[in-house]
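Architecture and fold: a report
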Amino acid sequence: MAEVILKNVSKIYDDNTKAVDNMNINIRDKEFVVLVGPSGCGKTTTLRMIAGLEEISEGQILIDGKVINNLPPKDRDIAMVFQNYALYPHMTVYENMAFGLRLRKYDKSEIDKRVKEAAKILGLENYLIRKPKALSGGQRQRVAVGRAIVRNPKVFLFDEPLSNLDAKLRVQMRSEISRLHKELGTTMIYVTHDQVEAMTMGDKIVVMKDGKVLQIDTPLNLYNNPANKFVAGFIGSPAMNFIEGKIFDFGHIVFQSKQSNLSFNVPDKFIKLLSSYKNKSVWLGIRPEDFILRLNGDYKIEANGEFEVEINLIEPLGNQMLIYFTFEGHQLVAEHRGFISINKGTMQKFTLNLDKINFFDITTEERIL
């Protein structure tokens, strides 16, 4: 299939808005790469530049080592699946899937073979004579994907293809697209603002903000080793919690929150990292699952980093509970596996899993490594 490389790629509009700023990505052959970030971060613009639907202001895009900056979209051997399906309402499913091949003057028997093969892969064999209005949202999205598959392109581009589907269908289509990737063995570039989609589908994730790439890594490394505070807060659901505080040396290195409601001895592995931050402010980052509930039987011995707060809200989710509370003016959330009886408005003690905490520079917001 194809390796896709973006070298110093930028997109600058006439009003000097920089939608994409000096992007460098190397997407290996057969890799599934997800571009993720908030609305307006430049991910769809990047996809459209790869497709040839947007001109590149600076840099180069290469497919299989060939610079494609000036190639028209039809000559790039790329298929794109859009957010709104982009199906022709007057055509049947078969005709929609065959349309691109007919434009390219494929033989009728070859078109029939490719359409029926794609329909089988996508479970659309019984819907080929229907028109889009007679299909569900999930079925329409399958047709849009099928129209891309029949072309057998070097690269598939997906622009938020699941955002119009309900929650259950999104989960189903996520697994179907992942299965297709394994089955077809092709390079796929997928854009979404949904970090759950990114985490569950991508071999590699590109996190973007304000046109810039902030981190490129595997889903697990992004979650466990975020490069900065934005990535830490964006990847994970619920998001990472942040507490502002200072580092002190009282004979041992201590983190103390801004209003002194939380204090703990910093684990040995952080002491060298934080040696240059003594008497300086930092962000403490902790994921919801790393807050540990202190139940009544645990109160006899005070733990390192224990604090007490009033519970604002409980969300029971079957196999887990989300527990919301306000700490020094900020709403934080803890996640507890299983169910215990806690009531809104009561006081509750927590400690931290100190093996899983992160520290971030208060100014640059880079993770302290």
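The structure displayed is predicted, hence computed values, not measured ones. (Residues numbered from 1 in each chain as written. Predicted model: local features only at pLDDT ≥ 70, side-chain atom pairs only at ≥ 80, totals over all residues. Heavy atoms only, no water.)

Quick notes on the overall build of the protein chain
Counted only if it meets this: Comment: elements are numbered from the N terminus, with helices defined as DSSP H or I runs of at least four residues and strands as E runs of at least two. Only protein chains enter the calculation, and the probe is 1.4 Å; a residue is then buried if its accessible area is under 20% of its type maximum, exposed if over 50%, and partly exposed in between. Residue contacts are counted whenever heavy atoms from the two residues lie within 4.5 Å of one another. Per-residue and other accessible areas were derived by the Shrake-Rupley procedure at a 1.4 Å probe size, with only the shown protein chains allowed to occlude residues. As used throughout, the charge tally considers Lys and Arg to be positive and Asp and Glu to be negative, leaving His and the chain termini uncounted. Think of each charge as sitting on NZ of Lys, CZ of Arg, CG of Asp or CD of Glu.
Counting secondary structure elements, the protein chain contains nine helices and 20 strands. Across its three principal directions, the C-alpha atoms of the protein chain cover 80 × 45 × 35 Å. Relative to its 369 residues, the protein chain shows a buried fraction of 50%. The long-range share in the protein chain, meaning contacts at least 24 apart out of those at least 6 apart in sequence, stands at 66%. For the protein chain, the exposed surface amounts to about 17,900 Å²; the carbon and sulfur share of it is 48%. Counting 49 positive and 45 negative side-chain charges, the protein chain places the averaged centre of each group 6 Å from the other.

Here we look at the sheet that holds strand S5 (residues 66-67)
Sheet strands line up and pair through hydrogen bonds in the backbone, either parallel or antiparallel. Note the following rule: A pair of strands counts as paired when DSSP detects no fewer than two bridges linking them.
Taken in spatial order, the four strands of this open sheet run S2-S1-S4-S5, and their pairing is antiparallel. The open sheet has two edge strands, strand S2 (18-27) and S5, and neither has a second partner. As judged from the five bridges shared by strand S1 (residues 4-12) and strand S4 (residues 58-63), these two strands associate in the antiparallel manner. The residue bridging Lys 7 from the neighbouring strand is Gln 60, located in S4.

Digging into the packing of aromatic side chains
Between two aromatic rings, the relevant description is the distance of the centres plus the angle of the planes. Note the cut-off: Only the six-membered ring of Trp is used, alongside the rings of Phe and Tyr, when aromatic pairs are assigned; centres must lie within 6.5 Å, and planes under 30 degrees apart are stacked while those over 60 apart are edge-to-face, with the rest tilted. Note on criteria: charge over ring means Lys NZ or Arg CZ within 6 Å of the ring centre, with the direction from the centre no more than 35 degrees off the ring normal.
Scanning all chains against the criterion turns up 17 aromatic pairs. Ring geometry for Phe 291 against Phe 350: centres 6.1 Å apart, planes inclined by 65°, an arrangement best described as edge-to-face. With Phe 291 in strand S15 (residues 291-294) and Phe 350 in strand S19 (residues 347-352), this residue pair connects regions lying 59 residues apart in the sequence. With respect to class, Phe 291 is no different from Phe 350; both count as buried. Note on Phe 307 and Phe 327: the rings are 5.3 Å apart at their centroids and 75° apart in plane angle, and the pair reads as edge-to-face. Of this pair, Phe 307 sits in strand S16 (residues 307-316) while Phe 327 sits in strand S17 (residues 320-327), and the two are 20 residues apart along the sequence. In terms of burial, Phe 307 and Phe 327 fall into one category: buried. Clustering of aromatic rings is evident, with ring pairs tying together Phe 291, Phe 307, Phe 325, Phe 327 and Phe 350. Sitting over the ring of Phe 242, Lys 229 keeps its end group 4.7 Å from the ring centre. Taking the ring centre of Tyr 223 as reference, the NZ or CZ of Arg 287 above it sits at 3.9 Å.

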